[in-house]
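Residue-level structural notes
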Number of protein chains: 2
Amino acid sequence: MDYPIGVIDSGVGGLTVARELMRQLPKENLIYVGDTLRCPYGPRPEEEVVEYTWDMVNFLLEKNIKMLVIACNTATAFTLEELKQKLDIPVVGVIEPGARAAIKTTKTNHIGVLGTEGTIRSNAYRKALKNINSELEIEGLACPTFAPMVEKGVISGQLAHQVVKEALKPLENWKQMDTLILGCTHYPLIKSVIEEVVGDQVDVINSGDETAREISAILGFKRKLYEGTRPVSHQFYATGDTHLFMKIANMWLQRPVTEVGRIKFGQSHSI
Amino acid sequence: MDYPIGVIDSGVGGLTVARELMRQLPKENLIYVGDTLRCPYGPRPEEEVVEYTWDMVNFLLEKNIKMLVIACNTATAFTLEELKQKLDIPVVGVIEPGARAAIKTTKTNHIGVLGTEGTIRSNAYRKALKNINSELEIEGLACPTFAPMVEKGVISGQLAHQVVKEALKPLENWKQMDTLILGCTHYPLIKSVIEEVVGDQVDVINSGDETAREISAILGFKRKLYEGTRPVSHQFYATGDTHLFMKIANMWLQRPVTEVGRIKFGQSHSI
């Protein structure tokens, strides 16, 4: 089916999901929208996240997408159910794929979740996990320093290590935890730093990778994968500085992004 | 949604899928049907596999299953498309989940597939893989000695090692392969032997685990997971010796199976 997959995110974090989608489904066209002007969504109240998300969704619906991917944990936590009900295309968020992969991985049934304040406050991972297996033990930790650090390009080295080590101190008390979900699409960029800090005993789950895997499963299940031979073509849009977006996209996607469209939604509410 | 998931297999191999389903979806009820009398399906012609598979499907449809899992690679290869078209419940096979997991895993884009003669002859893995990424290099190898060996309970030790080593000799020529799909639901029981033989450089993909993961994804996506608190209850049926089936099920599922119903379909055609 030759319609694009729409991917929305509060900013650039969702590019980690897009990268995996391009790798796992190399024939599919993507349209990516990053609300970089009003990013981050993590600290915003629910109604703002819902409003902003709909702006992106309405933009994409006019482009005939065959599927919507909410590549932002905060937006998934607050809008997935509503979007699933109201849209007549498949809608996939990043929370349930991460939860399911953690359930597949854990042997101790103790799972940790790292995320923004909004995601952790929403208890969305806890609900998704308990929904499937009520006997799981779940611990959540908000890491408000991570996404801004990653946006600044600090993704390795001593400073990143220090910030992560400091933030993850509470994990020392999660003795039985053997699986840790990266519940924010920025965190895969510091996955190796996080793995270094938590050690070999803990499997670190990248919700973005898992989401790409489930998108592939759902499109395959629905027989909506593109099966032709036209060359791929991806489109990128941002609400903020498009040059900065292009620079980050080139770096993160490891492929040339030569055009980023600027789109304008309503004013940003101050955080 | 409180209806059971139906699982069909040519025999006992699909119990490896059922085991993973029970682990990853511990609230769901399963009904398992193993056509042990007419097993193996691997060497049979397509029309017989189709006929036998429909016998099991019709039996399960009367039990109001909410989803059908074809936990047999040979049956998936020959009946998935037809069943997807004709049934109004979701139908999942074991081939595409394994293919997708391999695509997620491979870095060299060279993937190997082990399976029965029927599965390898059908080219079903090749089609599923190429459908998603036409640049993949794929090698297939029929291992007709593995399933009978596993059915006899030989799953470790020197004999198993010798049989596997002998069968996998052609893999020495697949230099770039970094991912190997176990394309038969019996093979997970000798996964550690296979891993020993192929070495650390190759990731071995268990299609059964991946199928359980996708079933979870599809039921979750369709909001058809059971969310209540009733105790689980699984049912087992076999067409052959029910005592033998019970013995194997107890061993493989690592949980007590105290009742196995005997069902009778048509005569087995000789192989």
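Residues numbered from 1 in each chain as written. Chains lettered and ligands numbered in written order. Predicted model: local features only at pLDDT ≥ 70, side-chain atom pairs only at ≥ 80, totals over all residues. Heavy atoms only, no water.

Notes on the packing of helix H8 (residues 157–167) of chain B against helix H9 (residues 191–198) of chain B
Residues and elements named next belong to chain B.
- Relative to each other, H8 and H9 sit at 55 degrees, their axes nearing to 9 Å. Taken as axis vectors, H8 and H9 run oblique relative to one another. Between H8 and H9 lies a crossing whose hand is right-handed. Taken together, the residues of H9 that come into contact with H8 (itself represented by Ala160, His161, Val164 and Lys165) are Val193, Ile194, Glu196 and Val197.
- A breakdown of the residues in the contact of H8 with H9 according to their chemical character gives five nonpolar, one polar and two charged. (Axes fitted to C-alpha atoms, helices over the stretch in contact; angles between N-to-C directions. Helix = DSSP H or I, 4+ residues; strand = E, 2+ residues; numbered from the N terminus. Parallel < 35°, antiparallel > 145°, perpendicular 65-115°, else oblique. Left-handed = near helix turned anticlockwise from the far one by under 90°. Contact = heavy atoms within 4.5 Å. Nonpolar A, V, L, I, M, F, W, Y, C, P; charged D, E, K, R; others polar.)

What about the UniProt feature "active site" (unreviewed entry) in chain A?
All names here are of chain A.
- The sites that carry the UniProt feature "active site" (unreviewed entry) are, in the present numbering, Cys72 and Cys184. For the residues just named, distributed over 113 residues, the greatest C-alpha separation is only 6.8 Å, placing them together at one site.
- The residue Cys72 is located in the loop between strand S3 (67–70) and helix H3 (73–86) in this model.
- Under the relative-accessibility criterion, Cys72 is labelled buried at 4%.
- In contact with Cys72, other than residues within four places in its own chain, are Ile8, Asp9, Ser10, Tyr41, Val94 and Thr185.
- Mapped onto the elements, Cys184 comes out in the loop between strand S7 (179–183) and helix H9 (191–198). (UniProt positions renumbered as here; feature names shortened; annotations may be inferred. Buried < 20%, exposed > 50% of the residue type's maximum accessible area, 1.4 Å probe, protein only.)

Quick word on the sheet that holds strand S2 (residues 30–34) of chain A
Residue and element names in this part refer to chain A.
- In space, the six strands of this open sheet follow the order S4-S3-S1-S2-S9-S10, with parallel pairing throughout. Edge positions in the open sheet fall to strand S4 (91–93) and strand S10 (261–262), since each of these has one partner strand only.
- Here S3 pairs with S4 via three bridges, running parallel. In the strand pairing of S4, Leu68 is matched with Val91.
- Along the sheet face, helix H11 (residues 242–253) touches S2, strand S9 (235–238) and S10 and points at about 135 degrees away from the line of S9. (Pairing = 2+ DSSP bridges.)

Digging into the interface of chain A and chain B
- Each partner contributes residues to the interface: chain A has 37 residues there, and chain B has 37 residues.
- With both chains or domains summed, chain A and chain B bury close to 3,100 Å², and 49% of this area falls on carbon and sulfur atoms.
- The largest share of the area that chain A buries against chain B comes from Lys104, Arg213 and Phe221 of chain A, three residues that together contribute 25% of it.
- For the pair chain A and chain B, the number of links is 10 salt bridges.
- At the surface where chain A touches chain B, the tally comes to 24 residue pairs in polar contact (both at pLDDT 80 or more).
- For the side of chain A that touches chain B, the secondary structure elements donating two or more residues are helix H1 (15–24), H3, S4, helix H4 (95–105), helix H6 (124–132) and helix H10 (207–221) of chain A.
- With nine residues, the single largest contributor to the side of chain A that touches chain B is H10 of chain A.
- Tallied by class, the residues present in the side of chain A that touches chain B amount to 15 nonpolar, seven polar and 15 charged. (Buried area = accessible area lost by both parts, 1.4 Å probe. Salt bridge = Lys/Arg side-chain N within 4 Å of Asp/Glu carboxyl O. Polar contact = N/O pair within 3.5 Å; in protein donor to acceptor, adjacent residues only side chain to side chain.)

A word on the domain arrangement of chain A
Residue and element names in this part refer to chain A.
- Here chain A is partitioned into domain 1 (5–93 + 210–262) and domain 2 (95–207).
- Tallying the contact residues gives 23 residues for domain 1 and 25 residues for domain 2.
- Three residues stand out in domain 1 for area buried against domain 2, namely Asn73, Glu210 and Glu214, and they jointly supply 32% of the buried area on that side.
- For the interface between domain 1 and domain 2, the tally reads one salt bridge.
- Between Glu214 and Arg100 there is a salt bridge, with its nearest N and O atoms 2.6 Å apart.
- Our count for the contact surface shared by domain 1 and domain 2 stands at 11 residue pairs in polar contact (both at pLDDT 80 or more).
- At the level of secondary structure, the elements contributing two or more residues to the side of domain 1 that touches domain 2 comprise H1, H3 and H10.
- Sorting elements by how many residues they give to the side of domain 1 that touches domain 2 places H3 first, with six residues. (Domains from an automatic or database assignment.)

Topic: the pattern of salt bridges
- Within the structure shown, the criterion is met by 32 salt bridges over all chains.
- Residue Glu195 of chain A is joined to Lys191 of chain A by a salt bridge in which the shortest nitrogen-to-oxygen separation is 3.9 Å. Pair noted here: Glu195 of chain A and Lys191 of chain A are both in helix H9, with a separation of four residues, about one helical turn.
- Exposure remark for Glu195 of chain A: the relative accessible area of 33% places this residue in the partly exposed category.
- Where salt bridges share partners, they join Glu81, Glu96, Arg100, Glu210 and Glu214 of chain A together with Lys104, Arg213 and Arg223 of chain B into one cluster.

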